[in-house]
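# Topology and contacts: notes
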Number of protein chains: 2
Amino acid sequence: MSEADRASRPGGRTARVRAEVLAAVVAELAEHGYDGLTMDGVAARSGVHRTTVYRRWKSVAGLLVDLLDSGATDDWAPADTGTLEGDLIALNREVYESLTIEPSITRAVIAASFRTPEAGAALREFWADRYRRSGVVVQRAIDRGEVPATTDAYAVCVAATAPIYHQLLLLRQPMTAAESDRYARAAARLGSS
Amino acid sequence: MSEADRASRPGGRTARVRAEVLAAVVAELAEHGYDGLTMDGVAARSGVHRTTVYRRWKSVAGLLVDLLDSGATDDWAPADTGTLEGDLIALNREVYESLTIEPSITRAVIAASFRTPEAGAALREFWADRYRRSGVVVQRAIDRGEVPATTDAYAVCVAATAPIYHQLLLLRQPMTAAESDRYARAAARLGSS
């Protein structure tokens, strides 16, 4: 095995550098928002040499795209509570927390997606993957006979989660966790339409 | 009546200048997006002297805020079709069209709201007013005995419209008018929860 192979294998030096840099991106986003995210700030915080950061990620947009790409290879899966309603409530609580926690990386990434086409495209891919994985909660409900086999998994997951993003990010209105649960319950009944 | 009074009364010169400038803002946004919106471009297109535009609106953000404020004084009201489902379908079709028409002023204003705090605040006020007015579709359904008197008008209108914004703007996925109708139908059943 050559040194190059060793460096780029999973868990090798390349993976370690990536993990350090992406952790620094998250920390910088949390502290300064997208406007305060700089290549030099990320390099300084990560302890990775700035020429490496510039060579590998090119730009702030490149850092954000790689952060979103890294989510595609994690092992996230929706909770399995035994009912469609329970699963959607759990899903909504995850979304709710990600948008109301301070500082919210999710909010920062969404704001950035309206400013940088590359970030917009990367966020689209990230969400397409997340909603695909979320669809299993509807498939399980179909298998249990809870909802008809024709139920549109994507539409149910969008109906559950969309009001949280809309109310908090676009309408910029407050929202309680109980309201987020209620939207999940309403979406759970979508299957029976 | 002094000349100053005459100039600022509704329908007077001040109102005419405002209408010309805001029409130019819409046209420039449609043509160039928020990134291409400039004070000089708006002045040139409107035919209003640039010193007047700078004195009265100060900045591009000021133009956008005034555009949104002007929506608060229009006579928009949701359609009255005779049923909650029909009213929500009509509402969703308006939202759907505003986001899928090319060019979409709504998309441009939403993108701008993530970049300029003043635009974010103005859009929040604009939407608070729009959702307040939309609530009448639920009040009419309560009056007809279609849904319980405890039905949350705001939650029903958010549940109907949120999936359109979420799917088209945040998830950046295509959507048909039929899907938009379906989300309206699901929201109409929220009252019976």
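None of these values were measured; they are calculated from a predicted model.

## Overview of empty space enclosed by the protein
Inspection of every chain in the model, using the stated rule, returns one cavity of 30 Å³ or more. Within this model, the largest cavity holds a volume of roughly 110 Å³. Looking at the largest cavity, the residues that line it are A:Ala159, A:Pro163, A:Tyr183, A:Ala186, A:Ala187, A:Leu190, B:Ala159, B:Tyr183, B:Ala186, B:Ala187 and B:Leu190. Of all elements in the fold, only helix H10 (153–170) and helix H11 (177–188) of chain A together with helix H11 (177–188) of chain B reach the threshold of two or more residues within the lining of the largest cavity. Of the residues that constitute the lining of the largest cavity, the class distribution is eleven nonpolar, no polar and no charged.

## What about the environment of A:Asp75?
Mapping A:Asp75 onto the fold places it in the loop between helix H5 (60–72) and helix H6 (84–100). The sequence separation of A:Asp75 and A:Glu85 amounts to ten residues, and the corresponding C-alpha distance is 23 Å.

## Notes on the nonpolar core
Core analysis: the biggest nonpolar cluster contains 128 residues, and A:Leu88, A:Ile110, B:Leu88 and B:Ile110 have the highest contact counts within it. Not counting the four nearest positions on each side in its chain, A:Ile110 is found in contact with A:Leu99, A:Leu123, A:Trp127, A:Tyr165, A:Leu169, B:Phe114 and B:Leu170.

## Details of unusual backbone geometry
Residues and elements named next belong to chain A. Cis geometry is adopted by the peptide bond preceding Pro103, which originates at Glu102 and carries an omega value of -5°. Among the secondary structure elements, Pro103 is positioned in the loop between H6 and helix H7 (105–113). Not every positive phi belongs to a glycine, and Lys58 is a case in point at roughly 65°. When you line up the elements, Lys58 lands in the loop between helix H4 (50–57) and H5. One non-glycine residue, Arg172, lies in the positive phi region at around 55°. With respect to the helices and strands, Arg172 occurs in the loop between H10 and H11.

## Quick word on the packing of H10(A) against helix H10 (residues 153–170) of chain B
Their axes nearest at 7 Å, the elements H10(A) and H10(B) cross at an angle of 100°. On the basis of their axis angle, the class for H10(A) and H10(B) is roughly perpendicular. Contacts between H10(A) and H10(B) involve A:Tyr154, A:Val158, A:Ala159, A:Thr161, A:Ala162, A:Pro163, A:Tyr165, A:His166, A:Gln167, A:Leu169 and A:Leu170 from the first element and B:Tyr154, B:Val158, B:Ala159, B:Thr161, B:Ala162, B:Pro163, B:Tyr165, B:His166, B:Gln167, B:Leu169 and B:Leu170 from the second. Its residues placed into classes, the contact of H10(A) with H10(B) shows 16 nonpolar, six polar and no charged.

## So, the interface of chain A and chain B
In this assembly, 33 residues from chain A lie in contact with 33 residues from chain B. With both chains or domains summed, chain A and chain B bury close to 3100 Å², and 66% of this area falls on carbon and sulfur atoms. Of all residues in chain A, the largest losses of buried area upon contact with chain B belong to A:Phe114, A:Leu170 and A:Arg172, amounting jointly to 23% of the total for that side. For B:Asp152, the salt bridge is made with A:Arg182, and the minimal N-O distance between the two is 3.3 Å. One can count six residue pairs in polar contact (both at pLDDT 80 or more) joining chain A with chain B.

## Looking at the relation of the copies chain A and chain B
Rotating chain A by 180° about the axis while translating it 0.0 Å along that axis superimposes it on chain B, leaving an RMSD of 0.0 Å. Taken together, the rotation and translation describe the operation of a two-fold axis. Using C-alpha coordinates, one finds that chain A approaches the rotation axis most closely at A:Ala162, a distance of 2.7 Å.

## Side note on the pattern of salt bridges
A full pass over the atoms with the stated rule returns 32 salt bridges over all chains. For B:Asp80, the salt bridge identified is with B:Arg140, shortest N-O distance 3.4 Å. Taken together, the positions of B:Asp80 in the loop between helix H5 (60–71) and helix H6 (84–100) and B:Arg140 in helix H9 (residues 136–143) put the pair 60 residues apart, joining distant regions of the chain. With relative accessibility at 19%, the residue B:Arg140 sits in the buried group. Linked by salt bridges that have partners in common, A:Asp74, A:Asp129, A:Arg130 and A:Arg133 make up one network.

## Brief notes about the domain arrangement of chain A
Residues and elements named next belong to chain A. Split into domains, chain A comes out as domain 1 (3–58) and domain 2 (84–192). The straight-line distance from the C-alpha centre of domain 1 to that of domain 2 is 29 Å. Opposite the five residues of domain 1 that make contact, domain 2 presents seven residues. Between domain 1 and domain 2, the buried area comes to about 550 Å², and carbon and sulfur atoms account for 72% of it. The largest per-residue losses of area from domain 1 upon contact with domain 2 belong to Leu29, Ala30 and Tyr34, which jointly make up 76% of the total buried on that side.

## Regarding H7(A)
Within the sequence span of H7(A), burial applies to A:Ala108, A:Val109, A:Ile110, A:Ala111, A:Ala112 and A:Ser113. The elements touched by buried residues of H7(A) are helix H2 (13–32), H5, H6, helix H8 (117–134) and H10 of chain A together with H10 of chain B.

## Structural notes on the environment of A:Leu67
All names here are of chain A. Positionally, Leu67 belongs in helix H5. As a C-alpha pair, Leu67 and Ala159 span 92 residues in sequence and 27 Å in three-dimensional space. Beyond its immediate chain neighbours, meaning those up to four positions away, Leu67 contacts Leu22, Val25, Val26 and Leu29.

## Digging into a positive patch on the surface
A grouping of A:Arg13, A:Arg16, A:Arg55 and A:Lys58 is seen on the molecular surface, where their side chains present a positively charged patch. The exposed category is assigned to A:Lys58, whose relative accessible area is 62%.

## Quick notes on the UniProt feature "DNA-binding region" (unreviewed entry) in chain A
The UniProt record annotates "DNA-binding region" (unreviewed entry) at residues 38–57 of chain A. For residues 38–57 of chain A, the helix share is 80%, the strand share is 0%, and the end-to-end C-alpha distance is 12 Å.

Calculation criteria
- Counting from 1, residues in each chain are numbered in the order their sequence is written.
- Each chain takes a letter, starting from A, and each ligand takes a number, starting from 1, following the order in which they are written.
- Side-chain atom pairs in this predicted model are given and counted only at pLDDT of 80 or more, local residue features only at pLDDT of at least 70, and totals for whole chains, interfaces and linings cover all residues.
- Note: side-chain values were computed over all heavy atoms of the structure, leaving out hydrogens and water.
- Both site types are read off a 1 Å grid over the protein atoms alone. A 1.4 Å probe that fits but cannot get out defines a cavity, while an open set with protein on both sides within 12 Å along at least five of seven lines defines a pocket; lining residues have an atom within 4 Å of a point.
- Grid points are joined across faces, edges and corners, and a volume is the space filled by probe spheres set on the points.
- Segments assigned H or I by DSSP are reported as helices when at least four residues long, segments assigned E as strands when at least two residues long, and all are numbered from the N terminus.
- Under the grouping applied here, Gly and all other residues not named as nonpolar or charged are polar, the nonpolar ones being Ala, Val, Leu, Ile, Met, Phe, Trp, Tyr, Cys and Pro and the charged ones Asp, Glu, Lys and Arg.
- Nonpolar cores are built from buried Ala, Val, Leu, Ile, Met, Phe, Trp, Tyr and Cys residues. Side-chain atoms within 4.5 Å join them into one set.
- When a residue's accessible area, from a 1.4 Å probe over protein chains only, is under 20% of the maximum for its type it is buried; when over 50% it is exposed; and in between it is partly exposed.
- Two residues qualify as a contact provided that any one of their heavy atoms is within 4.5 Å of a heavy atom in the partner residue.
- Axis definition: a line fitted to C-alpha atoms, over the contacting stretch in the case of helices. Angles run 0 to 180 degrees between N-to-C directions.
- Should an angle fall under 35 degrees it is taken as roughly parallel, and over 145 as roughly antiparallel, whereas 65 to 115 is taken as roughly perpendicular and any remaining angle as oblique.
- When two components associate, each loses some accessible surface as probed by a 1.4 Å sphere; the sum of these losses over both components is called the buried area.
- Salt bridge criterion: a side-chain nitrogen from Lys or Arg within 4 Å of a carboxyl oxygen from Asp or Glu.
- Polar contacts, as used here, are pairs of N or O atoms within 3.5 Å; protein pairs need one atom able to donate a hydrogen and one able to accept it. Residues neighboring in sequence count only if both atoms are side-chain atoms.
- Superposing the copies works by least squares over the C-alpha atoms of residues that have pLDDT at least 70 in both of them.
- These domain boundaries are the output of an automatic or database domain assignment.
- A patch consists of residues exposed above 30% relative accessible area that lack any salt bridge, with like charges linked at up to 9 Å and nonpolar side chains (Val, Leu, Ile, Met, Phe, Trp, Tyr) linked at up to 5 Å.
- Surface accessibility in these figures is a Shrake-Rupley result with a 1.4 Å probe; residues are shielded only by whichever protein chains are displayed.
- Counted as positive: Lys and Arg. Counted as negative: Asp and Glu, with His and the chain ends omitted from the count.
- For this purpose, a charge sits on NZ of Lys, CZ of Arg, CG of Asp or CD of Glu.
- UniProt positions are given in the numbering used here, feature names are shortened, and annotations may be inferred rather than shown by experiment.

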